[in-house]
Amino acid sequence: MTSERLSTLTSWNADWKGLRVAVLGMSVTGFSVADTLAELGADVLVVTEQADEEYARLLPVIGARLWTGSLASVPAELADFAPEVVVASPGFSPRHPVIAWAQQNDIALWGDVELAWRVRDKVLRADGTPAEWLLITGTNGKTTTTRLAASMLVAGGLRAAPVGNIGTPVLDAVRDPSGFDALVVELSSHQLWYLGLQDSPDPLSPWAAVCLNLADDHLEWHGSFDEYRAAKAHVYDNTRVACVYNKADAATQRMVEDAEVVEGARAIGFDLGVPGPSDLGLVDGIVVDRAFLDDRRTSALELTTVDELASLGLAAPHIVSNVLAAAALARSLDVAPAAIRDALRAFRLDPHRIEVVARHAGITWVDDSKATNPHAAASSLAAYPGAVWVVGGLLKGVDVSELVSGRGAGAKAAIVIGVDRTAVVAAFERHAPAVPVFEVDAAETEEVMAQVVELAAGVARDGDVVLLAPAAASFDQFASYADRGRRFAAAVRERIGTGEPDDHDAAAPNPGEPDSA
C-alpha cells in the first residue's frame, strides 16, 4: 500500500497528511526538507548526529520531531518510527548504515531534489505550469556555470534563480511565493546518486541539462570512479530539449549518447574550437552559437568575444568553457545574444576562483583555492603555465600522479601544504624530479600561509605567478576552501604591504588551442 500511495505524491496538492518521513541530517538542506514536509502535513522525524541550536529550536515550532545521537548503527527510535520514506541529506553515502538499512527494508529513499520535483507545482507561472528546470553538474565549474546561466536568464527577462548545491535549497525556491520561470539547479554527484533511485510515475524531467566535465573526485563517497560517473550521468535522464555536453571531454558525450531522454531532445556540444552546426564554440576569437538558430548550417550568432571576456577576468580556458555551457542553456530558452553579452559584462567570479589577490614587484599572486581536485588544478595550471604552484591538502583518495607528471611538470617550483604531504612529494620525486619542491611543515593553521608566502617570495621573480591551486580539499588544516583562500590572500598582503589588486586586467591569459581546456 505504501508504494501505491507514494506514486500519487507527485503534486503539492496531493494528500501528504500523516505520511511518516524520516529526514536524515540537519543542515540548510535538511531543514528545508523538514519544513516542507511539515507544511504538507507529514509526520516528520529528523534524525541527525548533531543539530545546530537554531534548527533544534525551530523544529518543534514547525511540527517536526528531532532525534540526535550516533548513527553508526540504526537507532531504535528510527526503527520504531517505521518510516514510509527516508529523505537523506547528500552527505549520507550509499554505504552508510542507515541508507543500507532503508534499502534492505524496501523503504523509499529520496533526496531533497526528488521531493522538490514532486511538489514543484506549489507556485505556477501565468500559463498554469511550474518553472522549467535546467540542471548543471560536473567535477568542476558547476557553481560558476550555474551563476552564469541564471544571470543570463535574468538578463533575458526571465524570473530565474541559481539553486541546489550552490547553497540555496531547491525546495526553498519551489515554495517562494513570487514564483520563477526557470530554476538553474546545481547538482552534486551525491544528489544525482539519489535521483538515480527515483521510482515515480513523474520522474524529474528537465528542460535542459549539462555535465561540464568528468574527473576523479569524491571516490571515498561513491566507492569507485565507475560509480561516480554513473551518478553524474543521471543529470541527463528524461531531458526534454537540450543535452549540453563538453566536446573536449569524451565522457560527457558518452553520457548523452547513453541517456534515456524525451524524444526530440538535442545533443548540444561546446568547446574552445570551431563549432559544428549544433554546437557553441570559438571562431577567430569570437564566441558563437551555431545550435539555436534556424540557419545553423551556414551561419552563427555572435555572443561575445574573447577580448571582452579577458577585460572582465573571464578568459581562462576553463572559464570560457563555463561561459559556453551557460550560454547553451540560456539559448535553449531563447535568451537573446544581446542579453547574454549584457549578463557577462555585469558578471564577476566568486572569490577564490582564479582570483588575483595582489601584484607586487612584477609577481602576480592568484587564489584558486576552489581548485579542490586535480582536474580543477590542471585547468588553473593551464591558465598559468610555469607558475610557482601551491599544492596539497586532503586528497580524498585521489591520485595526483597524472596531474604532477602533466601540468605540474611545467611548474617553476612546488610548495606543498597539508598535514600529510607524502603522496604529493612522492609524485614530484617520481614524475617531475626537475621541479624544486618545498614543504610547509607548520603545525598551526595560522602559520601555514605565512610559510607558503615566505617560500614563494624566495622563488618567484619579475613576471612570475604564484598560484594557490591545491588539487585537494582543505579540511585537514582549514575550515573550508574559502578559509584557505582568505588566509593565503591575507598572508600575501601582510608580506608585501599592498591593498587590493588592480581590476580584472590580468586574471588569466586568453585561451589557447582547443585542447588547452
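Rules used in this analysis
- Residues numbered from 1 in each chain as written.
- Predicted model: local features only at pLDDT ≥ 70, side-chain atom pairs only at ≥ 80, totals over all residues.
- Heavy atoms only, no water.
- Helix = DSSP H or I, 4+ residues; strand = E, 2+ residues; numbered from the N terminus.
- Rg over C-alpha atoms; globule rule 2.2 N^0.38 Å.
- Lys, Arg positive; Asp, Glu negative; His and termini not counted.
- Charge placed at Lys NZ, Arg CZ, Asp CG, Glu CD.
- Axes fitted to C-alpha atoms, helices over the stretch in contact; angles between N-to-C directions.
- Parallel < 35°, antiparallel > 145°, perpendicular 65-115°, else oblique.
- Left-handed = near helix turned anticlockwise from the far one by under 90°.
- Contact = heavy atoms within 4.5 Å.
- Nonpolar A, V, L, I, M, F, W, Y, C, P; charged D, E, K, R; others polar.
- Core = buried A, V, L, I, M, F, W, Y, C linked by side-chain atoms within 4.5 Å.
- Buried < 20%, exposed > 50% of the residue type's maximum accessible area, 1.4 Å probe, protein only.
- Disulfide = S-S within 2.5 Å.
- Pairing = 2+ DSSP bridges.

Enquirer: Break down the overall build of the protein chain for me, with residues and values.
Expert: Scanning the protein chain for helices and strands turns up 20 helices and 20 strands. Relative to its length of 517 residues, the protein chain is compact, with a C-alpha radius of gyration of 24 Å against a globular reference of 24 Å. Its C-alpha atoms give the protein chain principal-axis dimensions of roughly 70 × 60 × 40 Å. Computed over 41 positive and 71 negative side-chain charges, the separation of the two mean positions in the protein chain equals 3 Å.

Enquirer: How would you explain unusual backbone geometry if you had to name every residue and give the values?
Expert: Phi at alanine 82 takes a positive value of approximately 50°, unusual for a residue other than glycine. Along the chain, alanine 82 turns up in the loop between α4 (76–81) and β4 (85–88). Positive phi, normally seen in glycine, also occurs at alanine 471, with a value near 60°. Structurally, alanine 471 is set in the loop between β20 (465–468) and α20 (481–496).

Enquirer: Go over the packing of helix α14 (residues 317–332) against helix α15 (residues 337–346), please, and point to the residues and values.
Expert: Relative to each other, α14 and α15 sit at 140°, their axes nearing to 11 Å. In terms of axis orientation, α14 runs oblique to α15. As for how α14 packs across α15, the hand of that crossing is right-handed. Where α14 approaches α15, its residues Val323, Ala327, Ala330 and Arg331 are matched on the opposing element by Pro337, Ile340 and Leu344. Across the contact of α14 with α15, the residue classes tally to six nonpolar, no polar and one charged.

Enquirer: Let's hear about the nonpolar core: which residues, and what values?
Expert: Residues Leu153, Leu280, Leu344, Trp389 and Phe428 are the most contacted members of the largest nonpolar core, which totals 78 residues. Top element by residues in this core is α14. It accounts for ten residues. When near neighbours in sequence (up to four residues on either side) are disregarded, leucine 344 contacts Leu148, Met152, Thr304, Leu309, Leu312, Leu314 and Val323. Of all hydrophobic cores here, the second largest spans 57 residues; its members include Trp12, Trp133, Ala161 and Val163.

Enquirer: Break down the state of the cysteines for me, with residues and values.
Expert: One pass over the structure, following the stated rule, counts zero disulfides. Cysteine cysteine 211 is unpaired, with the sulfur of cysteine 243 as its nearest cysteine sulfur at 12 Å. Note on cysteine 211: relative accessible area 0%, which makes it buried.

Enquirer: For the sheet that holds strand β9 (residues 208–211), give the residues involved together with the corresponding values.
Expert: The sheet built from nine strands is open, its strands ordered β7-β8-β6-β9-β10-β11-β12-β13-β14 with mixed pairing. In the strand order of this sheet, the two ends are held by β7 (160–164) and β14 (301–305), each with one partner. Neighbour-to-neighbour, the strand axes of this sheet turn through a mean angle of 20°, independent of strand direction. Taken together, the two bridges between strand β11 (residues 266–270) and strand β12 (residues 279–283) define a ladder with parallel strand orientation. Bridge assignment links phenylalanine 270 to a residue of β12, and that residue is leucine 280.

Enquirer: Describe the environment of phenylalanine 438, and please don't skip the residues or the numbers.
Expert: If you trace the backbone, phenylalanine 438 turns up in strand β19 (residues 437–439). For phenylalanine 438, a relative accessible area of 29% translates into the label partly exposed. Separated by 18 residues in sequence, phenylalanine 438 and alanine 456 have C-alpha atoms that sit 9.1 Å apart. Not counting residues within four places of it along the chain, the set of residues in contact with phenylalanine 438 comprises Ala413, Ala414, Ile415, Val416, Leu455 and Val459.

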